[in-house]
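As a plain string of letters, each chain reads:
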Amino acid sequence: MRLNLKILYIFLIITVLSCKTKAPFRYSLQKSAIADQSMVVTAHPLASEIGLKILKKGGNAVDAAIAVQYTLAVVLPVAGNIGGGGFMVLRMADGTTNTLDFREKAPGKASRDMYLDEQQAVIPRLSIDGHLASGVPGSVAGMDAAFTRYSQLKDFAALIDPAIALARDGFQISQQQADGLNRTREAFIKLNTTTPAFVKNTEWKAGDLLVQTELAKTLTRIRDQGAAGFYEGETADLIVAEMKAGGGIISHQDLKDYEAIWRQPLVSTYKEYGIISMPPPSSGGLALAQLLKMVAPYPIRTYGFQSAEAIHLMAEAERRVYADRATYLGDSDFVTVPIRSLIDDNYLKNRMMDFDPNRANASEMVGAGLVTPVESEETTHFCIVDAAGNAVSLTTTLNGGYGAKTVVSGAGFLLNNEMDDFSAKPGVANMFGLIGNEANAIEPGKRMLSSMTPTIVTKDNEVYLVVGTPGGSTIITSVFQTILNVIEFDKTLPDAVSLGRFHHQWKPDAIQLDELIELSPPVKKNLLKKGHHLKQRSNFGRVEAILRRADGRLEGAADVRGDDDARGF
Ligand code: DON
């Protein structure tokens, strides 16, 4: 009897303890990886896994990218998408390069002043929330164009089926995703004509299953009919009906007319490295080229990682580059962007003529409507290198977190709020605090200016570094820092992508510091003495990168700021 009681007692204690210690659900993330042949780095472990599976099946980097894009549309609703757009930069093993622009376009009924009231003031949040914020989505056309031109597997169903299964059967959400969905609950309710799958009666918890039945059906139509499964037929009807129900303006004609465009990459150099990046309608490649060329003449390696001298130099270059961006950049199919002049060596040398190592140059007085970014910043980047040496760097977005927060009823996907990337009114800042001008004014069919900077760095005629990140206006400077972290400051790849970052964008006139940055008091003091304003803010960027190491192996690194994951074989 005594023994039985003892056993019962022990059993009870074990039960209580095991209940107490039952850990909340967590994906086991691989933050870095080293592999001989191939590497995939994305913002979600399921997407990395599926990308890798496609490579193992004999797909090339583009096949894997298509599978990852569709998987992220399911498992990363905050940014992955079929209702948004993006840019792909690629370098094939034979050395050829290309870029694919599947950026959203302004609908045919869009007009220059569509977000202004009668007094010509910008109506708050009209370009950010709901139906009117959405540009014509480009992602499905983009994947279709990429498949047609570059697929090795030539089996589209194999690329999209994993995403369909995840939407139909559900996947477990992470803590970060549960927090995001809970935070956005009210907005989802307010901005939708029917209740989307992202809203449930109780709080979301890590490990809950997110099932997206309608999205699975839409993806199935895309599988069976290609791009027409989205831009025509039932999906198009659902989009247009949603627009009618919620006061949006995307029409059947807009959807039918949408085309992804292959564009010449923006190619430049930094010392012995080649830089392949995105031309307009992104400002990213151009701005990155300007930044690298502006700092190249200075002994930045000697200054040291995040020394006051290095931060000062980089911030001063950033100030000038973002001022150029605001004035000259827009969709080059609509306005003349003086690309060559802006990256001309002499022009950039002149631009830095008034750089003073001891003093910050003040930006103009901050005018009305200039704000520090307050929106959550959600876009997503992924990098893939396959065994043949083909490399893909792809950034895709809905713009803000969950885009317009409006789901197309019956079709289950979120609409973007990319229209906010246009300049709603010259001189008035958008949600990232970015100012634009004539060049980025709204016109029907025009693409809104972007900062996305998917980039491939080459060395000795081989892919050296594949890199990119989300982060709105901070994208360009995060890519800039990551490249310098590797090339100049000898950081390991995991450190290069995850260490704290800083950012200057001309206006507001401040060096923004993210939460992970650790500047010593003397460095801060030195920067303040030079006349800089320092502004602590939330984390920005989720950098993903793949590096070709000196021993020829591939190293992948995923930012510690999210559920990002690197894996290879
Ligand atoms: O294209 C752009 O520059 C923006 N729509 C990107 C938004 C973004 O990165 C938000 N996320 N982190």
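For the structure, check the block above.
Attention here is on the structure that accompanies the text. Residue positions are given per chain, counting from 1 as you read along its sequence in written order. Owing to the predicted nature of the model, reporting of local features is limited to residues with pLDDT of at least 70; listing and counting of side-chain atom pairs is limited to 80 or more, with chain, interface and lining totals taken over all residues. The basis for the side-chain values is all heavy atoms of the structure; hydrogens and waters are excluded.

1. Points about unusual backbone geometry
That bond from Pro-280 to Pro-281 is cis: its omega, 15°, falls within 30 degrees of zero. Look at the link from Lys-507 to Pro-508: it is a cis peptide, with omega at -5°. Counting from the N terminus, the helices are DSSP H or I runs at least four residues long and the strands are E runs at least two residues long. Tracing the backbone shows Pro-508 in the loop between strand S14 (502-503) and strand S15 (511-513). Its identity is not glycine, yet Asp-490 carries a phi of approximately 55°, on the positive side. In this structure, Asp-490 sits in the loop between helix H16 (475-487) and helix H17 (493-498). To sort residues, take the accessible area from a 1.4 Å probe on protein chains only and compare it with the maximum for the residue type: under 20% means buried, over 50% means exposed, and anything in between is partly exposed. Residue Asp-490 is classed as exposed on the basis of its relative accessible area, which comes to 54%.

2. Some details on the sheet that holds S15
Here three strands make up an open sheet; going across it, the order is S14-S15-S16 and the pairing mixed. Bordering the open sheet on either side are S14 and strand S16 (534-536), each of which pairs with just one other strand. Only strands joined by at least two bridges in the DSSP assignment are considered to pair. The pairing of S14 with S15 spans two bridges and is classified as antiparallel. Each residue of the ladder has a partner; that of Phe-502, found in S15, is Leu-513.

3. Notes on the packing of helix H13 (residues 308-328) against helix H18 (residues 521-529)
Convention adopted: a line fitted to C-alpha atoms gives each axis, helices being fitted over their contacting stretch, and angles between N-to-C directions are expressed from 0 to 180 degrees. Between H13 and H18, the least distance of the axes is 9 Å, while the angle of their chain directions is 40°. Here H13 lies oblique to H18, going by the angle between them. When the axes of H13 and H18 are compared, the crossing they make is right-handed. Of the residues in H18, those in contact with Ala-308, Glu-309, Ile-311 and His-312 of H13 are Val-523, Asn-526 and Leu-527. For this classification, the nonpolar set comprises Ala, Val, Leu, Ile, Met, Phe, Trp, Tyr, Cys and Pro, the charged set comprises Asp, Glu, Lys and Arg, and every other residue, Gly included, is treated as polar. Class assignment of the residues belonging to the contact of H13 with H18 gives a composition of four nonpolar, two polar and one charged. Roughly parallel means an angle under 35 degrees; roughly antiparallel means over 145; roughly perpendicular covers 65 to 115; every other angle is labelled oblique. By definition, turning the near helix anticlockwise from the far helix through less than a right angle yields a left-handed crossing, and turning it clockwise yields a right-handed one. In what follows, a contact means two residues having at least one pair of non-hydrogen atoms within 4.5 Å.

4. Thoughts on helix H7 (residues 213-225)
One fewer than the residue count of a helix, multiplied by 1.5 Å, yields its expected span. Compared with an ideal rise of 1.5 Å per residue, which puts 13 residues at 18 Å, H7 spans 19 Å between its outermost C-alpha atoms and is within 8% of the ideal. Looking only at H7, the buried set comprises Leu-215, Ala-216, Thr-218, Leu-219, Arg-221 and Ile-222. Buried residues along H7 sit against helix H3 (61-75), helix H4 (139-150), helix H5 (156-169), helix H8 (228-231) and helix H9 (233-246). Directly beyond the C-terminal end of H7, a positive phi value near 70° is found at Gly-226.

5. Examining the side chain of Glu-418
Note that Glu-418 resides in the loop between strand S11 (391-400) and strand S12 (455-459). Residue class for Glu-418 comes out buried when judged on its relative accessible area of 1%. Sequence-distant contacts of Glu-418, that is, excluding residues within four places in its chain, are made with Arg-103, Glu-104, Ala-133, Thr-397, Leu-398, Asn-399 and Met-448.

6. Overview of empty space enclosed by the protein
Cavities and pockets were defined on a 1 Å grid built from protein atoms only: a cavity is a group of points that admits a 1.4 Å probe but offers it no way out, a pocket is an open group of points flanked by protein on both sides within 12 Å along at least five of seven lines, and a lining residue is one with an atom within 4 Å of any such point. Grid points are joined across faces, edges and corners, and a volume is the space filled by probe spheres set on the points. Under the defined criterion, the tally for this structure stands at five cavities of 30 Å³ or more. Quantified by volume, the largest cavity comes out at close to 90 Å³. For the largest cavity, the lining is made up of 17 residues, of which Asn-399, Asp-421, Phe-432, Ser-451 and Gly-472 are closest to its centre. Its residues placed into classes, the lining of the largest cavity shows five nonpolar, eight polar and four charged. Put simply, the second largest cavity is a space of about 80 Å³. Around the second largest cavity, the lining residues are Ala-73, Pro-77, Gly-80, Asn-81, Ile-82, Phe-198, Gln-212, Leu-215, Leu-398, Gly-412, Phe-413 and Leu-414. When grouped by side-chain class, the residues that make up the lining of the second largest cavity number eight nonpolar, four polar and no charged.

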